[in-house]
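One letter stands for each residue in the lines below.
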Amino acid sequence: MLMPQYILTEAGGALSGNTSSAAMRWFEEVRGRAACGGAVEFTPQGFSMWPALRPGVDTVRVQRADAYRVSDIVLASCSEPRGIFLHRVAGVRQDGLVLMGDSNLYQTEFCRYEDIAGKVVGLRRGGRELSGSFSWRVLAAVQRLPGCFRRLCVRLCTMSIRKRRR
């Protein structure tokens, strides 16, 4: 059966901890569509998931999931701190998930399972599908390293991208 797919061209400023009413309406729309079995695509904003997600460049596809595990990227409305985040799962608890952005070394967020819209099941960069690729899996593995090694990897990725632009 073909699942409905919705494309939201604007993230509504909803990411990176935004708590505005427009952001919350956007999140509820995404959560409602994902709950009906559809996939929702949008372009994330903000640098908290750099280098895995490039703001304004990448398009992510979010779908509802039955289970979440460490290193999945989820879209959630968090209570600690309050806001909407597209971050990686850093820990799984009985009552919810602990999230952390890839470029964050220490700050985490907590969200209950019922406050999760879905997880990223697809990533497109420059028209090319990257989900499941070797580089995508490497970036997920890097996030399980201690903070000092993660910071080094982020710097190396940044230098590599700057070199390619010259």
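Shown above is the structure to which this text applies.
Below: a short report on this structure. Given the structure is predicted, the values throughout are model-derived calculations rather than measurements.

## A few points about the nonpolar core
Thinking step 1. Ranked by internal contacts, the top residues of the largest apolar core, which has 22 residues, are Phe42, Leu53, Val60, Leu75 and Leu86.
Thinking step 2. Where this core is concerned, the elements lending two or more residues are helix H1 (21-35), strand S2 (39-42), strand S3 (58-63), strand S4 (73-79), strand S5 (82-92), strand S8 (116-125) and helix H2 (134-142).
Thinking step 3. Here this core gets 5 residues from one element, more than from any other, and that element is H1.
Thinking step 4. Not counting the four nearest positions on each side in its chain, Leu53 is found in contact with Pro44, Asp58, Val60, Leu86, Leu123, Arg125 and Trp136.

## What about the packing of aromatic side chains?
Thinking step 1. According to the stated counting rule, one finds 2 aromatic pairs in the structure shown.
Thinking step 2. Where Trp26 meets Phe42, the ring centres are 5.0 Å apart and the plane angle is 90°; that geometry is what we call edge-to-face. Of this pair, Trp26 sits in helix H1 while Phe42 is found in strand S2, placing the two residues 16 residues apart along the sequence. The two residues Trp26 and Phe42 agree in class, both being buried.
Thinking step 3. Note on Phe47 and Trp50: the rings are 6.3 Å apart at their centroids and 55° apart in plane angle, and the pair reads as tilted.
Thinking step 4. For Phe47, a relative accessible area of 57% gives the class exposed.
Thinking step 5. Here Trp50 falls in the buried class, since its relative accessible area comes to 14%.

Conventions we followed
- Per-chain numbering applies: the sequence of each chain, read as written, is numbered from 1 onward.
- Totals for whole chains, interfaces and linings use every residue, but because this is a predicted model, local features are given only for residues with pLDDT of at least 70 and side-chain atom pairs only at 80 or more, for both listing and counting.
- The basis for the side-chain values is all heavy atoms of the structure; hydrogens and waters are excluded.
- Definition used in this section: a nonpolar core is a set of buried Ala, Val, Leu, Ile, Met, Phe, Trp, Tyr and Cys residues joined via side-chain atoms within 4.5 Å.
- Think of it in three bands: residues with accessible area under 20% of the maximum for their type are buried, residues over 50% are exposed, and the middle band is partly exposed, with areas taken using a 1.4 Å probe on protein chains only.
- The helix count covers DSSP runs of H or I at least four residues long, the strand count covers runs of E at least two residues long, and both are numbered beginning at the N terminus.
- It only takes one pair of heavy atoms within 4.5 Å for two residues to be counted as in contact.
- Aromatic pairs are defined between Phe, Tyr and Trp rings, using the six-membered ring for Trp, whenever the two ring centres lie within 6.5 Å; interplanar angles under 30 degrees are classed as stacked, those over 60 as edge-to-face, and all others as tilted.

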